[in-house]
Amino acid sequence: MAMRLLSPSAPPPHFPSPGPRPLASAAAALSSSSSYFSLRLRRARAAAAAGAAAAGGPERDGGRFEGQAMGGAFDRGLAEIAKKVPLFEPATDGELAAAAGERPLPINLELWLYRVKVHTRKFEFPEAEKLLDKCISFWPEDGRSYVALGKLYSKQSRYDKARAVYERGCQATQGENPYIWQCWAVLESKGGNIRRARELFDAATVADAKHIAAWHGWAILEIKQGNIKKARNLLGKALKYCGGNEYIYQTLALLEAKAERFEQARTLFQQATQSNPKSCASWLAWAQVEMRAGNNTMARKLFEKSVQASPKNRFSWHVWALFEANEGNIDKARKLLKIGHAVNPRDPVILQSLALLEYNYSSANVARVLFRKASQIDPRHQPVWIAWGWMEWKEGNARTARALYQRALSVNSTNECAARCLQAWGVLEQRAGNYTAARRLLRSSLSINSQSEVTWMTWAALEEEQGDPVRAEEIRNLYFQQRIEVVDDASWVMGFLDIIDPALDSVKKLLNLDQPSGQVWQDTVKSATQPSPTTRISAAEESSEPSATGVTSGLSSNDADNSSSEATETQGSDFNLDGFIKKRLGLDPAELDALLEGSDPRGVVSQRRKRRLPRKPLPLLPIP
């Protein structure tokens, strides 16, 4: 084949540059698919030639490539250039319109918001921030961009910028977007600006009276502040304007249970489970209320309902196991905790409870292995270090216990866990005879949590032990003087139950329930001087982030015979646990110990997924 050679002095062939003129021709070429494809092909060739020229390659005639379909050595060269330079990825219509200063199509807003979520999951915050700024510049009236950018700043602890974004969003949307008001209110609530948070929640409900998240968040804020009647009023308005929602009913039920009005609480829990039968949080909270009322048979059935509603929920397996342990069914509790660990191998709380269970009923060495594994999974989980230190102190290893307590305080020295750690450490020093250090540790614990009855009584017992009963009585009186009591009014309940409609439609969007945390310790003064192993359990589902609460539960030793636990386990229940985990989770009950011994949690998950998700053969089609 004859070829025309270019002289060295001849200029290189002219290729059309991808400027405004080819963009106009591309817009005109979209009328037919063939012309559009040829336009993309010409651009790819022009970009390839430019890349080859930049790399110092030889000058070639464009007519050669017109006759060949990009094959041979040139195809391989293009592949190498494409790996290094992103020249062959065509720009989207939205990016082209943005470069030209035009407003892109609305579909690009959805695409960019999705990309923001992907960047946020990968902790690529600068890229997500650039995309959100672009969304705000083209669609200033859309509130989703302001909400996403404010949450992005909050994750980076840039609260001033988050406030500025929310304020700008409220101005751009003329105050008619309740989501921006609500997110701003949550930010102020977390920062401790309660008055400002109330104003913002009020603005959200004014912007949209049917915005149920604003009513619920405002009610949770009032519950934390001790305004129970105000919270009930807000929850009642939520049901009036928005209809039924499982978390609204659940919050009301928990308020009734806190006031020991269990019949009203059961009615509200029934409404919650009818609104959403798949709500694991409602079944779990109901089961814990029945536990408090002493109805253990009903509580066990509700635990079974909770795991059926959400088999992978770690809280349902965890709380159920603690319930069985308190009932004396040690083998059943151990099995439930192993199932919970197999489903959630990266959760340190389940391993912590299993370690305490093994310490009470097996050996300290087995517990140490589990504690070490839990601390490796999450080194910043303070309750693991505290429980491990308590066990070492009970075993007589005071030096190791001090080191573990110090490790827990190095994570955070100002939260509730730090208060419990300081109280436990104070008891250790008291038993060791270091009374000055014990007083200092107990005083530091009370500076964090002044409402802890256990810490006050421990300090009073220390003074009595030192022969100063007058000082001990002063400490007890000081506790009763500064204690905060919430007085609830029971006359309001009957009027509220009349407005509940059992036929209300459920709201599909779940809301995070942020309940006030509490600690359950032993009641006697003797046990108050001994810190019990505690485990933080969340009563709400995670989706999180992030704001689920902790309910502290202890694993007390029980002298019941394990042989009678199986009879108690199957009494009044026809739930087949082994068959359920085989069918829904793909777990073999005989391999739970092997999964627990696995050192790599990610490896455990991958093996379980391989067994649960085999490739199914394609069905055979009938021959015509």
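In this text the structure is predicted, and so the values were computed from the model without any measurement. (Residues numbered from 1 in each chain as written. Predicted model: local features only at pLDDT ≥ 70, side-chain atom pairs only at ≥ 80, totals over all residues. Heavy atoms only, no water.)

1. So, the overall build of the protein chain
Rules: Going along the chain from the N terminus, every DSSP run of H or I of four or more residues is numbered as a helix, and every run of E of two or more is numbered as a strand. In this scheme, a residue with accessible area under 20% of its type's maximum is buried, one over 50% is exposed, and one in between is partly exposed, where area comes from a 1.4 Å probe on protein chains only. Pairs of residues are marked as contacts when any of their non-hydrogen atoms sit within 4.5 Å. Methods summary: accessible areas were calculated by the Shrake-Rupley approach with a probe of 1.4 Å, and residue burial reflects only the protein chains presented.
Scanning the protein chain for helices and strands turns up 33 helices and two strands. Here the protein chain holds 624 residues, and 44% of them are scored as buried. For the protein chain, long-range pairs separated by at least 24 residues make up 59% of all intrachain contacts whose partners lie at least 6 apart in sequence. Per element, the accessible surface of the protein chain, about 33,300 Å² overall, is 52% carbon and sulfur.

2. Description of the pattern of salt bridges
Where we set the bar: A carboxyl oxygen of Asp or Glu within 4 Å of a side-chain nitrogen of Lys or Arg is what we treat as a salt bridge.
For the structure shown, the criterion picks out 22 salt bridges. Note that glutamate 429 and arginine 402 form a salt bridge whose closest N and O atoms lie 2.8 Å from each other. Here glutamate 429, found in helix H24 (residues 416–432), pairs with arginine 402, found in helix H23 (residues 398–411); they are 27 residues apart in sequence, far enough to count as distant. Here glutamate 474 makes a salt bridge to arginine 471, at a shortest N to O gap of 3.5 Å. Taken together, the positions of glutamate 474 and arginine 471, both in helix H27 (residues 469–482) and three residues apart, correspond to about one turn of that helix.

3. Brief notes about helix H26 (residues 453–465)
What counts, and what does not: Expected span of a helix: the number of residues minus one, times 1.5 Å.
The terminal C-alpha atoms of H26 lie 18 Å apart, and with 13 residues this matches the ideal 18 Å at 1.5 Å per residue to within 8%. Along H26, 10 of the 13 residues are buried, which leaves the element largely enclosed by surrounding structure. Taken as a whole, H26 has its buried residues at Val454, Thr455, Trp456, Met457, Thr458, Trp459, Ala460, Ala461, Leu462 and Glu463. Looking one or two places after H26, you find glycine 467, whose phi comes out positive at around 80°.

4. So, the nonpolar core
What counts is decided by this rule: Within this scheme, the nonpolar core is defined by two criteria: the residues are buried Ala, Val, Leu, Ile, Met, Phe, Trp, Tyr or Cys, and they are joined through side-chain atoms within 4.5 Å.
Membership of the largest hydrophobic core comes to 126 residues, with the highest contact counts inside it found for Trp317, Ile339, Phe371 and Tyr405. When near neighbours in sequence (up to four residues on either side) are disregarded, isoleucine 339 contacts Trp317, Leu577, Ile581, Leu585, Leu587 and Leu592. Within the second largest apolar cluster, 11 residues are counted, among which are Ala438, Ala460, Ala472 and Ile475.

5. Structural notes on the UniProt feature "repeat: TPR" (unreviewed entry) in the protein chain
Just so we agree on the cut-off: UniProt positions are given in the numbering used here, feature names are shortened, and annotations may be inferred rather than shown by experiment.
On the UniProt side, "repeat: TPR" (unreviewed entry) is annotated at positions that read residues 246–279 here. The span residues 246–279 shows a helical share of 79% and a strand share of 0%, and its end C-alpha atoms are spaced 7 Å apart.

6. What about the environment of lysine 373?
So the rule is basically this: Residues adjacent in sequence count toward polar contacts only when both atoms are side-chain atoms; beyond that, a polar contact is any pair of N or O atoms within 3.5 Å, and within protein one must be able to donate a hydrogen and the other to accept it.
Here lysine 373 shows up in helix H21 (residues 364–377). C-alpha separation for the pair lysine 373 and glutamate 597, spaced 224 residues apart in sequence, amounts to 9.8 Å. Apart from residues lying up to four places away in sequence, lysine 373 is in contact with His341, Leu351, Leu595, Leu596, Glu597 and Gly598. A polar contact of 2.7 Å, which involves the side chain of lysine 373, links it to the backbone oxygen of leucine 596.

7. As for the packing of helix H20 (residues 348–361) against helix H22 (residues 382–394)
Going by this rule: Every axis corresponds to a line fitted to the C-alpha atoms, with the helix fit spanning only the stretch in contact, and the corresponding angles, defined between N-to-C directions, vary from 0 to 180 degrees. Angles are sorted into four bins: roughly parallel if under 35 degrees, roughly antiparallel if over 145, roughly perpendicular if 65 to 115, and oblique for all others. Two helices cross in a left-handed way if the nearer one is turned anticlockwise from the farther one by less than a right angle. They cross in a right-handed way if the turn is clockwise.
Packing of H20 against H22 brings their axes to within 10 Å, and their N-to-C directions diverge by 15°. Taken together, H20 and H22 sit at an angle that is classed as roughly parallel. In the packing of H20 onto H22, the handedness of the crossing is left-handed. Where H20 abuts H22, its residues Pro348, Gln352, Leu356 and Tyr359 lie against Pro383, Val384, Ala387, Trp390, Met391 and Lys394.

8. Digging into the side chain of histidine 211
As for its placement among the helices and strands, histidine 211 is situated in the loop between helix H11 (194–207) and helix H12 (212–224). In this structure histidine 211 comes out as buried when scored by relative accessible area, which is 6%. Beyond its immediate chain neighbours, meaning those up to four positions away, histidine 211 contacts Pro178, Tyr179, Gln182 and Cys242.

9. Observations regarding the packing of aromatic side chains
Defined as follows: Pairing of aromatic side chains requires ring centres within 6.5 Å, counting the rings of Phe and Tyr and the six-membered ring of Trp. Pairs whose planes differ by under 30 degrees are stacked, by over 60 edge-to-face, and all others tilted. Lysine and arginine charges are scored as sitting over a ring when NZ or CZ, respectively, is within 6 Å of the ring centre and within 35 degrees of the ring normal.
Across all of its chains, the model carries 21 aromatic pairs by this definition. A centroid spacing of 6.0 Å and a plane angle of 75° characterise the contact between phenylalanine 123 and phenylalanine 125, whose relative ring orientation is edge-to-face. Every member of this aromatic cluster is reached through a ring pair, and the members are Phe303, Trp317, Trp320, Phe323, Phe575 and Phe580. In this structure, lysine 134 is placed above the aromatic ring of tryptophan 112, and the distance from its NZ or CZ to the ring centre is 5.0 Å.

10. Observations regarding unusual backbone geometry
Of note, serine 157 is a non-glycine position whose phi angle comes to about 60°, a positive value. By the element assignment, serine 157 lies in the loop between helix H8 (143–155) and helix H9 (159–172).

11. Concerning the packing of H24 against helix H25 (residues 435–448)
Interhelical geometry of H24 versus H25 gives an angle of 165° and a closest axis separation of 8 Å. Relative to H25, the element H24 lies roughly antiparallel. Between H24 and H25 lies a crossing of left-handed hand. Residues Ala418, Ala419, Leu422, Gln423, Trp425, Gly426, Glu429 and Gln430 of H24 form the contact with H25, whose participating residues are Tyr435, Ala437, Ala438, Leu441, Leu442, Ser444, Ser445 and Ile448.

12. Quick notes on the confidence of the model for the protein chain
Applied cut-off: For every residue, the predictor states its confidence as a pLDDT score lying anywhere from 0 to 100.
With 65% of its residues at a pLDDT of 70 or more, the protein chain has an overall mean of 74. The low-confidence segment residues 601–624, where pLDDT is below 50, has 17 contacts with residues more than four positions distant or belonging to other chains.

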